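So you can see what is in the structure, the chains are spelled out below.
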Amino acid sequence: MSQLRHPVSTCATRAAQWKMWLFKVFSVIYAVAVCASEDNDATTYSYRESESTAPPPFEPPVPVLERTSSWSDVFSSEKVVLECKATSSSELIITWKKDGSPLGPNLSLSPDKSVLTITASSTQDSGNYTCVVEGKKKPSQTKESGPVKIKVYDPPTPGLQLQTAWKDVFEGEAVEFHCHVVSSTPGWTFTWHRNKQQLQNNPVEIINGDGSSLKITSVRQTHKGSYTCKAHLTSRGVNSGFSSEVMIQVSAEKPTLTLTRDPEYDVMFAEEAVTFSCAISVHSAWTYLWYKDGSKVTGSSDKLKVQIRGTADQGSYTCKATRGQNPAFITNSSAAKQLKVQPEKPTLTLTRDPEYDVMFAEEAVTFSCAISVHSAWTYLWYKDGSKVTGSSDKLKVQIRGTADQGSYTCKATRGQNPAFITNSSAAKQLKVQKNKPKPTITQQPDAKKLYVGENMSFECKVENSDGWSYDWYKDEASIPNNSNSLKMKGLALLNGGVYKCKAKRDKTGFNTEFSDQRTVQISEIPVPTLKLVTKWPDVFPTESVNMSCEMQKDSADWTYAFYRDGTEVQHYNSDKDRNLSITSASTSDGGNYSCSGKLKSRDVYSTKGSPLNLHVYDAPTVTLEQNPAHNLMHSEDSVSFNCHVNVSSGWTNLWYKDGKELGKVSGNNYNITSVTTKDSGLYKCKVKRGKVFDSDNKIKLDVEERPKASIVLLTGWSDVFSTDSLSLKCEVKESTHNWMHYTWFKEGERIDSFNVTHTVTPSNDPDQSTYTCCAHADERPLYSKSSDSFKTKNLLLKRRVLLSISGCIVFGIAAVLIGCVALRVFRKPNGRDDKMEEVNLFPTMAELKITDVPCPLVEYITDASLNAPAKEEEEENGTVCSETTPLPITKQEDQAATTDNQETTETNGGLSSFLK
């Protein structure tokens, strides 16, 4: 079919190509015809037009005007060159314009008038220049170029500035001038002139590189005069005129200075202020220098204000004036002014008459203020910091009530803006009490709880008053004592009670109120208790021991001393606090320990408490035990080691296997829940409590691998015609152990089968599950490892299929035999001489082997998809005794299970056995 269709397809393609080629040819012919027609029409139209009208005027090109000189902004006497460019095959007439108006005849033009040279004479030559072109043939049009702007400037007049702020200078001063021009054109240089004579560089008159600055470092009389400058643009030959003049006058003598001081006190004090004023004979932008005792002090104005802080400010003060820089000009020093400063302010002494600490209404008191330096002082009076009326050195107060009481002070002052004020005098207290005073009672020691044997005293006092006598009371009973103190030594329990006092003034008979009460409790001295702080009561050498001595109450108020067998322990680490530490015990540290206390605040000592017996043993006994105590263990067994110490507690256990530490294990037990062969080894333990103690024995642990059960298929392929069930057997290979009974698991769940074999039928296993088993014994090991998973899936199905196929094959062979016999019996003889070749209906095995047609039975039995284990089955877990762990059956295991009783292949006619 493809050979027939190909020519038709080729012809159709060629026809389409010819059609396309013809279309292109006709298109080209048509286009040529149209173009020719258009040319004829244009020629005809042109011819007719020429017959009817005159030829059009000549149109010249638009000219381009360019500035060929270097700058457009020029100064008078400079030249500017403009070139008019126009390209044309015909001759052109060029004319020039400025600001739209034609230029005069006196122009500097090139022969063809295309180049214009302008020599600027004044600013009137500024403007917008253009050129106009016109053809020589008539008629003709004109074309004008774009404008070129020319700006003409007069040379700038330089500006001259005196950098210093004064024109009257003194010999030795420095003067600096600066010359500049206002122009956007760079490259100006300058020349300097004094009295119209040009100056040159010399060491005193310094002119910088471009000449814009002139500096006279040290002025002399020869430098006075009129200074001017000129500006030059050398690259273009432009020169300016003279700048404005600056006159300089030079004085030979330095100006004089006059120093004054305000105020003029002979002696001044700290916190006073004095102002020095420096006046100069010539006033002009001076900066002032101040000196004290020849050393410079801070200050630059004509006044120096000194805020006196102490004697460091006193001395001889002078001033100088300066101006200018590099170098600065400095005048001679002024005459000195002396400042004398007293180290401290004058002191004031305030007295009071009378001197009673406390006074009452209707009394009068006079205060007197005396100053150590007498010099026209005015006095200021204060009560409680507030000013009161009074300016003399005495203040009289008529007491009317408590409003007059307070703290009275005085000050002295002099001067103004600001006024100097002395420090305040010491205060004098005036206490006016309307009601009866209440005395205060104090106790030593100041404690509510005292102990037997201590000393105690009371003091009764009326604040800020005098002339008092005192009365004492205990539990409302009077005590014969008139002094302001009450003392008691060697307190007893009966000295406890409530104490108070009151005071009276003998001259006036004025009595106070009772003081507050003081309750005193007298107690027996407590006995301390010594406790063991360490967690364990028994101690071994090098271990540490901590003891604590405590009172039942207020333990923190006491310090403690420790004793061993009645002797105070000096070499132990005792800080007289509540703890005693033995950092490394030895057998000599054993004994009876006790402690006593001393009150921290007072000399009160307790008796020794009950003794504490400390035992220091030589070394503990460490024993290692194993449970269960089997010499041989099997994998998956559990074992526990116990490390036992015969005495004390608080031990930390260290475990070792084959000499290597096993890591941190809490408690005194080391448990292995499921042993493996790697756990075999020599075990021992140590205990640690400061020092490490080794166990007395070691235990060797041997671990063997636990025997593993396996499932064997008892039903062979030879039973395919007799049954469709499977018989499984659980056995432990390579083990001479006496296994008593067995446990079977289906899909991980235990089934009621305890025999060594288990039968699987389609009725009890329609889903064709996975089986495992394990064996049990009455001696160790008590059980085996669980077998690998055995899958019955496809085995029963294969047997059924093989049984069906076998029946079909047998039935087919029988039918073929019967047909052959019938054919021989009922076949008619053939009369022809040449007999047909007899067909062999029963090929041999060799013939069957060379045929290409595969045997269906062989294909099914070797089907990889049926024999390959499913992925989900491969990922299942095995079962250990009471747990099911199904494992996938590999192809080799399947073949091994189905060929338990292998036999050689037998041939019976054309039928082969399934046994290989």
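Look up: the structure comes first, before these words.
Since this is a predicted model, take the numbers as computed values, not measurements. (Residues numbered from 1 in each chain as written. Predicted model: local features only at pLDDT ≥ 70, side-chain atom pairs only at ≥ 80, totals over all residues. Heavy atoms only, no water.)

Q: Run through the packing of aromatic side chains, naming residues and quoting values.
A: Counted according to the given criterion, the structure contains 21 aromatic pairs. Joined through ring pairs, the aromatic side chains of Phe540, Tyr617, Trp651 and Phe693 make up one cluster. Lying over the aromatic face of Tyr656, Lys686 brings its terminal NZ or CZ to 4.7 Å of the ring centre. The ring of Tyr783 carries Arg706 above its face, with NZ or CZ at 4.0 Å from the centroid. (Phe/Tyr/Trp six-rings, centres within 6.5 Å; stacked < 30°, edge-to-face > 60°. Lys NZ or Arg CZ within 6 Å of the ring centre and 35° of its normal.)

Q: Please set out the state of the cysteines residue by residue, giving values where relevant.
A: Disulfide: a covalent bond formed between the sulfur atoms of two cysteine residues. Overall, the coordinates contain eight disulfides when judged by the stated rule. Residue Cys549 pairs covalently with Cys595 via a disulfide, S to S 1.9 Å. Given an S-S torsion of about 75°, the disulfide between Cys549 and Cys595 has right-handed geometry. Of the two residues, Cys549 is situated in strand S51 (residues 545-550) and Cys595 in strand S56 (residues 591-599); the sequence distance between them amounts to 46 residues. With respect to class, Cys549 is no different from Cys595; both count as buried. A sulfur-sulfur distance of 2.1 Å marks the disulfide that ties Cys730 to Cys773. Handedness here is read from the sign of the S-S torsion; for Cys730 and Cys773, about 90°, the answer is right-handed. One end of the pair, Cys730, is in strand S68 (residues 726-732); the other, Cys773, is in strand S72 (residues 770-777), and 43 residues separate them in sequence. (Disulfide = S-S within 2.5 Å. Helix = DSSP H or I, 4+ residues; strand = E, 2+ residues; numbered from the N terminus. Buried < 20%, exposed > 50% of the residue type's maximum accessible area, 1.4 Å probe, protein only.)

Q: Can you lay out the sheet that holds strand S11 (residues 159-162) for me, pointing to particular residues and giving the numbers?
A: Overall, antiparallel pairing links the four strands, which are arranged S11-S13-S17-S16 in an open sheet. What marks the edges here is a single partner per strand, and that holds for S11 and strand S16 (205-207). Within this sheet the neighbouring strands show an average axis-to-axis angle of 15°, counted without direction. Here S11 runs beside strand S13 (residues 175-180); their pairing, made up of four bridges, is antiparallel. Among the inter-strand pairings, Gln161 is bridged to a residue of S13, identified as His178. (Pairing = 2+ DSSP bridges. Axes fitted to C-alpha atoms, helices over the stretch in contact; angles between N-to-C directions.)

Q: Describe a nonpolar patch on the surface, and please don't skip the residues or the numbers.
A: Judged by side-chain polarity, Ile809, Ile813 and Leu817 come together as a nonpolar surface patch covering roughly 210 Å² of accessible area. One can find Leu817 in helix H2 (residues 795-826). Residue class for Leu817 comes out partly exposed when judged on its relative accessible area of 41%. (Patch = residues over 30% accessible without salt bridge, like charges linked within 9 Å, V, L, I, M, F, W, Y side chains within 5 Å. Areas by Shrake-Rupley, 256 points an atom, 1.4 Å probe, with all protein chains shown as cover. Salt bridge = Lys/Arg side-chain N within 4 Å of Asp/Glu carboxyl O.)

Q: Tell me about the side chain of Arg194, and please be specific about residues and values.
A: Locating Arg194 in the fold gives a position in strand S14 (residues 189-194). Of note is the side chain of Arg194, whose polar atom sits 2.8 Å from the side chain of Glu205. One polar contact links Arg194 to Tyr227, side chain to side chain, over a distance of 3.1 Å. Apart from residues lying up to four places away in sequence, Arg194 is in contact with Leu199, Glu205, Thr222, His223, Lys224, Ser226 and Tyr227. (Polar contact = N/O pair within 3.5 Å; in protein donor to acceptor, adjacent residues only side chain to side chain. Contact = heavy atoms within 4.5 Å.)

Q: Give me the lowdown on the pairing of S68, citing residues and values where you can.
A: Of all seven residues making up S68, five are buried, and the element is well covered by its neighbours. Examined bridge by bridge, strand S67 (residues 709-713) and S68 share five bridges and lie antiparallel to one another. What sits directly across from Ile711, in S68, is Cys730. One ladder, built from four bridges, connects S68 with strand S71 (residues 757-760); its direction is antiparallel. Looking across to S71, one finds that Leu728 is bridged to His758.

Q: Help me get a handle on the environment of Gln443, residues and values and all.
A: Assignment of secondary structure puts Gln443 in strand S40 (residues 440-444). Assessed through its relative accessible area of 2%, Gln443 is described here as buried. Counting along the chain gives 15 residues from Gln443 to Phe458, while the straight-line C-alpha distance between them is 4.6 Å. Residues in contact with Gln443, not counting those within four places in the same chain, are Leu450, Met456, Ser457, Phe458, Arg518 and Val520. From its side chain, Gln443 meets the backbone oxygen of Ala447 in a polar contact 2.9 Å long. There is a polar contact of 3.3 Å between the side chain of Gln443 and the side chain of Arg518.

These values are about where atoms sit, not about what they do.
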